[in-house]
Amino acid sequence: MVGRLRGPGMARAALGTVLAIAFSYVVIFIMRSWYDLDPVIDGFAVLELSLFLAPIGFLIGLGAFDYWFYWAAGKKTVADDHASHGAHSWRDYFKVNTDHKVIGIQYVVTSFFFFFVGGLFAMLMRAELAQPGRQFVDPNTFNGLFSVHASLLIFLFIIPVFAGLANYVLPLMIGAPDMAFPRLNALSFWMLPLAGIMMLMSFGAPGGSFASGWTAYAPLSVTAPEGQVFFTIGVQFAGASSIATALNFLVTIITMRAPGMSFFRMPLLVWANFSTSLLVVIATPFIAVSQFMVFFDRSLGFNFFEAAGRGDVLMYQHIFWFYSHPAVYIMMLPGFGIISEILAVKSRKPIFGYRMMAFSLLAIVVLGFTVWAHHMFVSGMQDWIRVPMMVTTAIIAVPTGIKIFSWLATLWRGVLHLDTPMLFALGFLTMFTLGGISGVVLAIIPVTIHVSDTYFIVAHIHYVLFGGSLLTIFAGVYYWFPKMTGRMYDERLGKLHFWTTFIFFNATFAPMHVIGIQGMPRRVADYAEQWAGWNLAISIMSFFLGLSALVFAYNMIASWRGGPRAESNPWRALTLEWQVSSPPPIFNFDAIPTVVGGPYEYGVPGAVHGVLKGGAEVPQPAGATASAAGRGHGGGSFPKDEE
Amino acid sequence: MNRERGRDEKTPVLWMVVHGVIASAIGIAAGLAIKWFPEQASTQAGPIDHLYDVLIWTSVPVFVTVSIIVLFSVRNFKMRPGEEQLDGPPIHGNTRLEVIWTAIPAVILVVLCSYAWIVLTDIEEARADEMRINVVGQQFAWTFEYPQAGGKPIKSTQLYLPKDRPVRFHVKALDVIHDFWVPAFRMKIDAVPGLETRYRVTPNRLGNYPVVCAELCGLGHSVMRSRTLVVTKAQFNTWLAEQKAPTAAAGGGGDIDGKKLFTDGNGAATACGACHTLADAGSQSQTGPDLDKNLAGKDAEFIKQGIVAPDTRVAPGFQKGIMPKNYGDTLSAEELDALVKYLGEVAGK
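On a predicted model such as this, the values are computed, not experimentally measured, just so you know. Every chain is numbered on its own, with residues counted from 1 as its sequence reads. Chains carry letters from A onward and ligands carry numbers from 1 onward, assigned in written order. Residues qualify for local features only when their pLDDT is at least 70, as the model is predicted, and side-chain atom pairs are given and counted only at 80 or more; totals for whole chains, interfaces and linings, by contrast, use all residues.

What to know about the overall build of chain B
Where helices and strands are cited, they refer to DSSP runs of H or I of at least four residues and of E of at least two residues respectively, numbered from the N terminus. Across its full length, chain B holds nine helices and ten strands. Residue burial in chain B is summarised as follows: out of 349 residues, 39% are buried. Expressed as a percentage of contacts within chain B between residues at least 6 apart in sequence, the contacts between residues at least 24 apart total 67%. Any residue whose C-beta has 12 or fewer other C-beta atoms within 10 Å is treated as exposed, any with 20 or more as buried, and any in between as partly exposed, C-beta atoms being built from the backbone. We call two residues in contact whenever the C-beta atoms placed from their backbones are within 7 Å.

Focus: the packing of helix 12 (residues 333-347) of chain A against helix 16 (residues 420-443) of chain A
Helix-helix packing: each pair is described by the crossing angle between the helix axes and the interaxial distance. Residues and elements named next belong to chain A. Where helix 12 contacts helix 16, the two axes come as close as 10 Å, and the packing angle between them is 120°. Taken together, the axes of helix 12 and helix 16 lie oblique to each other. Seen from above, helix 12 lies across helix 16 with left-handed handedness. Of helix 16, the residues touching helix 12 (which contributes I339, I342, L343 and K346) are P421, M422, A425 and F428. Interaxial angle, 0 to 180 degrees, is taken between N-to-C directions of lines fitted to C-alpha atoms, where a helix line uses only the stretch in contact. Should an angle lie under 35 degrees it is considered roughly parallel, over 145 roughly antiparallel, and from 65 to 115 roughly perpendicular; all remaining angles are considered oblique. Each crossing gets its hand from how the near helix is turned against the far one by less than a right angle, where anticlockwise is left-handed and clockwise is right-handed.

Structural notes on the environment of B:H170
Residue and element names in this part refer to chain B. Its place among the elements puts H170 in strand 5 (residues 167-173). Here the alpha-carbon distance between H170 and I256, two residues 86 residues apart in the chain, equals 31 Å. If we ignore the near neighbours within four places in the chain, the residues touching H170 are R132, N134, V135, E196 and R198.

Section: the domain arrangement of chain B
Put simply, an interface is often sized by how much accessible area is lost when its parts join up. All names here are of chain B. As annotated, the domain borders come from an automatic or database domain assignment. Taken domain by domain, chain B comprises domain 1 (9-76 + 96-123), domain 2 (131-244) and domain 3 (258-348). Between the C-alpha centres of domain 2 and domain 3 the distance comes to 21 Å. Elements that contribute at least two residues to the side of domain 2 that touches domain 3 include exactly strand 2 (141-146), strand 3 (154-156) and strand 10 (225-231).

Some words on the nonpolar core
All names here are of chain A. Any set of buried Ala, Val, Leu, Ile, Met, Phe, Trp, Tyr and Cys residues joined through C-beta atoms within 7 Å is what this text calls a nonpolar core. If you look at the biggest cluster of nonpolar residues, it comprises 295 residues, and the most contacted ones within it are A195, A425 and A475. The element contributing the most residues to this core is helix 6 (residues 139-173), with 22 residues. The residues touching A425, leaving out its near neighbours within four places in the chain, are I339, I342, L343 and A475.

Here we look at the sheet that holds strand 4 (residues 159-162) of chain B
Residues and elements named next belong to chain B. The criterion for strand pairing is that DSSP finds at least two bridges linking the strands in question. Taken together, the five strands give an open sheet; going across it, the order is 4-10-9-6-7, and neighbouring strands pair in mixed fashion. Two strands bound the open sheet, and with one partner strand each, they are strand 4 and strand 7 (188-191). Across the sheet, the mean angle from the axis of one strand to that of its neighbour is 25°, orientation sign disregarded. Summarising the sheet, strand 9 (residues 207-213) and strand 10 pair through six bridges and their orientation is antiparallel. Residue pairing across strands places V211 opposite S226, the latter belonging to strand 10.

A look at the sheet that holds strand 5 of chain B
All names here are of chain B. Judged by pairing direction, the sheet is mixed, and its five strands sit side by side in the order 3-2-1-5-8 without closing on themselves. The open sheet has two edge strands, strand 3 and strand 8 (197-201), and neither has a second partner. Here the strands of the sheet are splayed against their neighbours by 25° on average, with no regard to which way each runs. In terms of strand pairing, strand 1 (residues 131-138) meets strand 2 through five bridges, oriented antiparallel. The residue of strand 2 that forms the bridge with N134 is E145.

Description of the interface of chain B and chain A
Contact residues are listed per partner, giving 75 residues for chain B and 81 residues for chain A. Mapped by element, the contributors of at least two residues to the side of chain B that touches chain A are helix 2 (45-77), helix 3 (95-123), strand 7 and strand 9 of chain B. Per element, the largest residue contribution to the side of chain B that touches chain A is 15 residues, and it comes from helix 2 of chain B. For the side of chain B that touches chain A, the residue count by class is 48 nonpolar, 16 polar and eleven charged. Polar here means any residue outside two lists: the nonpolar Ala, Val, Leu, Ile, Met, Phe, Trp, Tyr, Cys and Pro, and the charged Asp, Glu, Lys and Arg; Gly therefore counts as polar.

A few points about the confidence of the model for chain B
Per-residue confidence from the prediction method is given by pLDDT, with values spanning 0 to 100. Per-residue confidence for chain B averages 89 on the pLDDT scale, and 93% of its residues sit at or above 70. The low-confidence segment residues 248-253 of chain B (pLDDT under 50) makes 16 contacts with residues lying over four places distant or belonging to another chain.

Digging into the pairing of strand 9 of chain B
Side chains on a regular strand alternate between the two faces of the sheet. Relative to strand 9 of chain B, strand 6 (residues 178-181) of chain B runs antiparallel, the two sharing two bridges. Looking across to strand 9 of chain B, one finds that B:W181 is bridged to B:V212.

Concerning the domain arrangement of chain A
Residues and elements named next belong to chain A. Under the domain assignment, chain A is made up of domain 1 (2-72), domain 2 (100-249 + 291-320) and domain 3 (567-643). Across the contact, seven residues belong to domain 2 and 13 residues belong to domain 3. Per-element tally for the side of domain 2 that touches domain 3: the top contributor is helix 6, with four residues. Among the residues making up the side of domain 2 that touches domain 3, the classes are represented as five nonpolar, one polar and one charged.

Let's talk about the pairing of strand 5 of chain B
In this sheet, strand 5 of chain B lies alongside strand 1 of chain B in parallel orientation, the contact comprising seven bridges. Paired with B:N134 across the bridge in strand 5 of chain B is B:H170.

This is the structure in structure tokens:
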């Protein structure tokens, strides 16, 4: 047992957690004694310091900092130490592992766990809302449910699942053996489940979970019961994870592209993640600041948002939304990249207007920082801010529209392979257009004054996040499933998943546009009698939507365990990740490939994107009608894990 | 190898345009037919609703265009058996097309924003003879104040408004952020602690309309609902006069007027009428139980406990923790007795 505790791993992580809590206890004791405070132990103070330190203790025990500690202590370290690289059994996925492919899978699986938890909360909410009055949960619990639902799905699902998919795919796509900072990559991942566990733990706090929405406006969040701090501090770890990953992506993309891969020969997934990473590193610190300010107001008696103490209540919203608006682009741009990959391959055509697709991503990054106050049209901020924000919000529809039209033009005259990833991509095109349209409606101030904080907003959010982001996530998971697992998913179940999702998603969220405008506010555990019929219908549809997710779960698990083996390039794609085995060898490529052309040259006879060296087959150029699609050479095979 | 698909020749853009026009017509008709909004009870409502109709006219064709292209592509360009190894034509772009689909949306958006600005200026314009009403939001009730020249403002838990008189609401919050919204009037603004926010409205239709809190304010947010009554000018003046000089104290003599306490509070405590419906007092809020129903046939002891210890016995369908628990402190013993006596007479009987 002592041996187990000496080496990095879960046991030592548990020890680290316990030690950190004990340390917090001691620090609080010393500080409160010093200041003659009574009682000398304040439970909430110990809790709050523990929430900061326990995750760090966990990470130290797990071994996430080991290499840096040894190096800092002057001990012997080997720069190329690959001892914790690559997975040879399922156990490796529960350790600190520096392989981007392992980390990618850790991210995706963890994120989907929180997807199901957050989705379950939505089901509970819809059960309560099926009829007016109280049936299952009291208002405080209900407020907690929608707060945790949104926080989990935003910070523990959408943002990290995109990071995970990119983590797996991007280094392969640019011909790199791994990310620029593999150890930092591992640390980034491990901060994430800690944030999620912290948010779920809030249900055990006195007074219930945090219940002031994922937006946590002051003063409600400052005066809320202790459960609030689980969000305040949890978000810090989720944010730190996100920022470190984004830094990693930026350095990787800028410095580690294979020879010949200029910026304009990068696949659009790489452009998308580059843009997203810029958004993350610039914007995320602002939500961290907003939460630190709430924390200091709560726990140390500061007056950032305390009107009586000459603080400024609205300042919270400005700082919060300065991150949270770019956040919605963080939650969408990687999805745009995924759609570009899938549409090109499944239409057998180059992406239409590649340069404008890249520039539109950058335009969205820049413009995304100029629109935050459209979340504050009725907040009571100065009147003059509103019209400029309306204008910038409208402008951002232009680069977004360019992307939609370019994707449509990509389909046009292609040879469309209508399998599951393609269906989700097509579903995205139509549903995200609807979400974007309701977004333009929301730019129009006189209408927004009426619909702010109503179910119209709930409808818009879910059209862009579910009909937008989630459909791209499903598309990407199905598309890269063969590469990541070495197996094919079941295509019929995939199509079933798509159709049930598409139909019940619309049935659930479309009516919300109507009841919102009719006058039903959001974040309510109960509503006026006149909306009983619509709410019942919406709830029933939402239960079917929930069930459709189970089809996905079954398909993923069953196919991963026993699906037919996948070849290296089942989709006959040109990008580099498809030129190696499924799953790829431990260091991706025998030798760094050379890129000699664009990534989407379908229809051009003899076009080649990347050339792999070492006596391997030249990858299948586009459009050939010759024999079997070449099997990837896969020299230096990945030691297969036998289930 | 790739080839131009034979069916291309049979996919004239004209065919798609025809389908698109028909689908748009149906979509726009449906969009205009849906009863989106509550009734129009203010001069602001008309321009806002019309602006929304214009948005329907613009949005439907955009959605139809995207959907038609997706559906036609799926129908015409789907891979057919034998085409598994086939690629499409290597079309990389078309500058003219890209300029068009950048310029047209930009123009549409400029037009929409300009129209929106015109409407915004119109609905927020100052009018002559505006009446100022202060609105105070707190967890979980609204109180309204009618400033009187050279005197104390009249406090009320009822929002009475005279038809056709422009009103300027000055909105405040005592604890957390709330939002004062009358859907029938369309306008809303957050009530923010430490700030005074304002908006203008001219009610122009008689009626009784819901008032909704539209910003999450705690566990009573979903029940922080009240009503506003738009009455004739004469009725309004009568009501105002009654507030200034109430008739003989209901609740039987003594120095303290139980009814006035119910409708106005005593300064330290929120007035009961802010949350409770009571026919005699004219209050209509739905935050708490309807006292006409809940106190029917109840004795003084029951009524008193309901005031000073509200969580001991919560009416079915309502929650603990929303009614303030400190009325025992904020009301004096005499005030409490007067209130209990008044309620016993108008509701308990």
